[in-house]
Amino acid sequence: MSKAIQAVRGMNDLLPDAVERWQRIEASARDVLHAYGYREIRLPILEKSELFARSIGSETDIVEKEMYSFEDRSGENLTLRPEGTAGCVRAGIENGFLHNQIQRLWYAGPMFRHERPQKGRYRQFHQIGVEAFGIESPDLDAELIMMCARLWQALGLDGLTLQLNSLGTLESRAVYRRELLRYLETQRARLDEDSLRRLEKNPLRILDSKNPDMQKVIAAAPSLYDHLDDASRGHFAHLGDYLRQAGIAFSVNPRLVRGLDYYTRTVFEWTTERLGAQSTVCAGGRYDGLVEQLGGKTAPAAGFAIGMERLAELLAPQSDSRQAVRPHGFLILLGEEAEKRGLQLAERLRDAGLHIECNCGGGGLKVQLKRADRSGARHALLLGEDEVRNASITIKDLRDGVQRSIAQGELIDLLLKETPRGATP
Ligand code: HAM
């Protein structure tokens, strides 16, 4: 036997049990997003590499180390999208739906980052992302956060905590960057290898270091908050007011800087203690400069993305994993004549809105009953020689084993009565 081929490291198969859990999350997310007027957009998975360098930032970990980039057959440099914001802005500029307009959009799909795989961190992962354009005021930031809170509630999730920070404007951040650099230069001997590397290119990221040895240096660093411009400070204060009014608890984390360069003013993360090291379930913020930076006319914007793998991990698997697709009946076919008519009978039942799994591939009664049990169906529907002759069907309730014979003409009504349309069988 030749060696079986395995999946690419860090890229997971989603098996049906998991898919059903994901579908429940996706359905809740869709309902919540639509309730706030957000509309779905579908974007390419491949984009020109330059798009990400110009938006996420050429000196970020994502662009420097994690992108799946390659030259295609026409020599164009392309990248599997590591996130969705850049593509959404690109699409908005290209299709002309950003300038002087309010747009509320969402998307879902796979993203790719060549990170070191571990629990909660994968090379292909999935996001539900939200981007809103054309609103500069902090009521939008509040709406985004309230929408997340409503989704957690809809999914029955608690224990997620919200951290906020403001990164100010690009100008105020440049002033802070200089101040921070001055401080970090005095601490050079205490910086670890990663921080030394970041010192020149992206010193703000040093504040995000998880290395315990670095925490003292970080704690004594000048605070970004102290360098905020007045307008950003006001924006942040208003956001706090809105959240307090909405009863959403948050803490301000002045060290929250995010790994993508496009943010301005508000940034936020929802984290949990239940997922170990990869604890951020949802993250986002405002990016008022990005549309212009990518060649569009200035448009304020803000958004967030939820990590699907992490969110799904938080929602315990339902005890009955087949619940979502449990058929009303499993059709058992015994004998040649029954087999001939079985597929047609199943079609008639489905025409009436019933979910029917039909035995295929023959087998004796015992084997077919086992299949019926495994299907999760409420009833086994037996069609044998006698039933074909009498136009009847034997119906066995698989929960209590009670069996009765009825006319085929009564079957639809009976199944619909016992498990009405729309209800879980
Ligand atoms: P991000 O913080 O890079 O932001 O990713 C958002 C979320 O995606 C993370 O909080 C995490 O749950 C999930 N995630 C990221 N990388 C991985 C990975 N390797 N494996 C599993 N899950 C992962 C963004 O992507 C921004 N585009 C969010 C945004 C939208 N900001 C404004 N609009």
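Placed above this text is the structure.
Figured I'd write up the structure that's included with this text. All values reported here derive from a predicted model rather than from experimental measurement.

The final tally for this structure, using the stated rule, is 0 disulfides. The thiol of C148 is unpaired, and the distance to the nearest cysteine sulfur, on C282, comes to 3.8 Å. Residue class for C148 comes out buried when judged on its relative accessible area of 1%.

Glancing now at the sheet that holds strand β1 (residues 39-40). Strand order in the open sheet made by the 8 strands is β1-β5-β6-β11-β10-β9-β7-β8, with mixed pairing throughout. Each of the sheet's edge strands pairs with one partner strand only, and the pair in question is β1 and β8 (251-252). In this structure, strand β6 (residues 124-133) lies alongside strand β11 (residues 301-307), joined through 7 bridges in antiparallel fashion. Paired with A132 across the bridge in β11 is A302. Along the sheet face, helix α9 (residues 230-245) touches β7 (161-166), β8, β9 (264-271) and β10 (280-286) and points at about 160° away from the line of β7.

This part is about the environment of I5. Looking at the secondary structure, you find I5 in the segment before α1 (16-35). It is 55 Å that separates the C-alpha atoms of I5 and D226, two residues lying 221 residues apart in sequence.

Here we come to the site of the ligand. Contacts to the ligand come from 27 residues, most closely from E83, R113, E115, E131 and Y263. A distance of 3.3 Å separates an oxygen atom of the ligand from a polar atom in the backbone of V281. Within the backbone of G307, a nitrogen or oxygen atom sits 3.4 Å from an oxygen atom of the ligand. Taking 660 Å² as the accessible area of the ligand by itself, protein coverage stands at 96%. Listing elements by their share of the shell around the ligand, those giving two or more residues are β6, β10 and β11. Taken together, the residues of the shell around the ligand break down into 12 nonpolar, 8 polar and 7 charged.

What follows deals with the sheet that holds strand β15 (residues 392-397). Pairing is mixed across the open sheet formed by 5 strands, whose spatial order is β13-β12-β14-β15-β16. Of all the strands in the sheet, the pair left with one neighbour each is β13 (356-358) and β16 (403-407). Averaged over all neighbouring strand pairs, the angle between strand axes comes to 25°, with direction disregarded. Two elements, strand β12 (residues 329-333) and β13, share 3 bridges in a ladder whose sense is parallel. Residue L331 lies in a different strand from β13, and its bridge partner there is C358. Most of the contacts of helix α13 (residues 365-375) go to β12, to which it runs at about 170°, and overall it touches β12, β13, β14 (379-383) and β15.

What follows deals with α9. Helix length check: α9 (16 residues) gives 23 Å between terminal C-alpha atoms against 22 Å at 1.5 Å per residue, within 8%. By the burial criterion, the buried members of α9 are S232, H235, F236, L239, G240 and L243. The arc that holds every buried residue of α9, seen down its axis, measures 140°, which confines them to one face. Exposed positions of α9 whose direction lies more than 90 degrees from the buried face are D230, R244 and Q245. At the exit of α9 stands G247, carrying a positive phi of roughly 70°.

The next thing to look at is the pairing of β10. Burial analysis of β10 places 6 of its 7 residues in the buried class, which makes it a mostly covered element. As paired strands, β9 and β10 are joined by 6 bridges and run antiparallel to one another. Opposite T264, over in β10, you have R286 as the bridge partner.

Moving on to the pattern of salt bridges. For the structure on display, the rule yields 29 salt bridges. The residue R90 makes a salt bridge to E94 at a minimum N-O spacing of 3.0 Å. Residue R90 and its partner E94 are both found in helix α4 (residues 85-94); the two are separated by 4 residues, about one turn of the helix. Assessed through its relative accessible area of 59%, E94 is described here as exposed. E143 is the partner of R104 in a salt bridge, and the nearest nitrogen-oxygen pair spans 3.0 Å. Placement of the pair is R104 in strand β5 (residues 103-112) and E143 in helix α5 (residues 138-154), with a sequence separation of 39 residues. Of the residues examined, R104 reaches a relative accessible area of 23% and is grouped as partly exposed. Among the charged side chains, a salt-bridge network with shared partners connects E64, D194, R197 and K201.

Thresholds, definitions, all that
- Residue positions are counted from 1 within each chain, in the order its sequence is given.
- Per-residue local features are limited, in this predicted model, to residues with pLDDT of at least 70; the limit for side-chain atom pairs, both in listing and counting, is 80 or more; totals at the level of whole chains, interfaces and linings are taken over all residues.
- Computation of side-chain values covers all heavy atoms of the structure but excludes hydrogens and water.
- By disulfide we mean two sulfur atoms from cysteines, separated by a distance within 2.5 Å.
- Residue exposure (1.4 Å probe, protein chains only): buried if accessible area is under 20% of the type maximum, exposed if over 50%, otherwise partly exposed.
- The criterion for strand pairing is that DSSP finds at least two bridges linking the strands in question.
- A run of H or I in DSSP counts as a helix once it spans at least four residues, and a run of E counts as a strand once it spans at least two, with each numbered from the N terminus.
- Contacts between residues were defined by any pair of non-hydrogen atoms, one from each residue, lying within 4.5 Å.
- Axis lines are fitted to C-alpha atoms, over the contacting stretch for helices. Their N-to-C directions set the angle, which ranges from 0 to 180 degrees.
- Throughout, the term near means that a residue has one or more heavy atoms lying within 4 Å of the molecule or strand in question.
- Distance and chemistry together define a polar contact, namely a pair of N or O atoms within 3.5 Å, with one atom able to donate a hydrogen and the other to accept it when in protein, and with adjacent residues in sequence counting only for side-chain atoms on both sides.
- For the accessible areas, the method is Shrake-Rupley and the probe is 1.4 Å, while residue cover comes only from the protein chains on display.
- When residues are sorted by character, Ala, Val, Leu, Ile, Met, Phe, Trp, Tyr, Cys and Pro go into the nonpolar class, Asp, Glu, Lys and Arg into the charged class, and all the rest, Gly among them, into the polar class.
- Here the expected span of a helix is defined as 1.5 Å times the quantity of residues minus one.
- Here the arc refers to the set of directions running from the helix axis out to each C-beta atom.
- Salt bridges are defined as contacts in which a side-chain nitrogen from Lys or Arg sits within 4 Å of a carboxyl oxygen from Asp or Glu.

Scope: geometric values only; no functional claims are made or implied.
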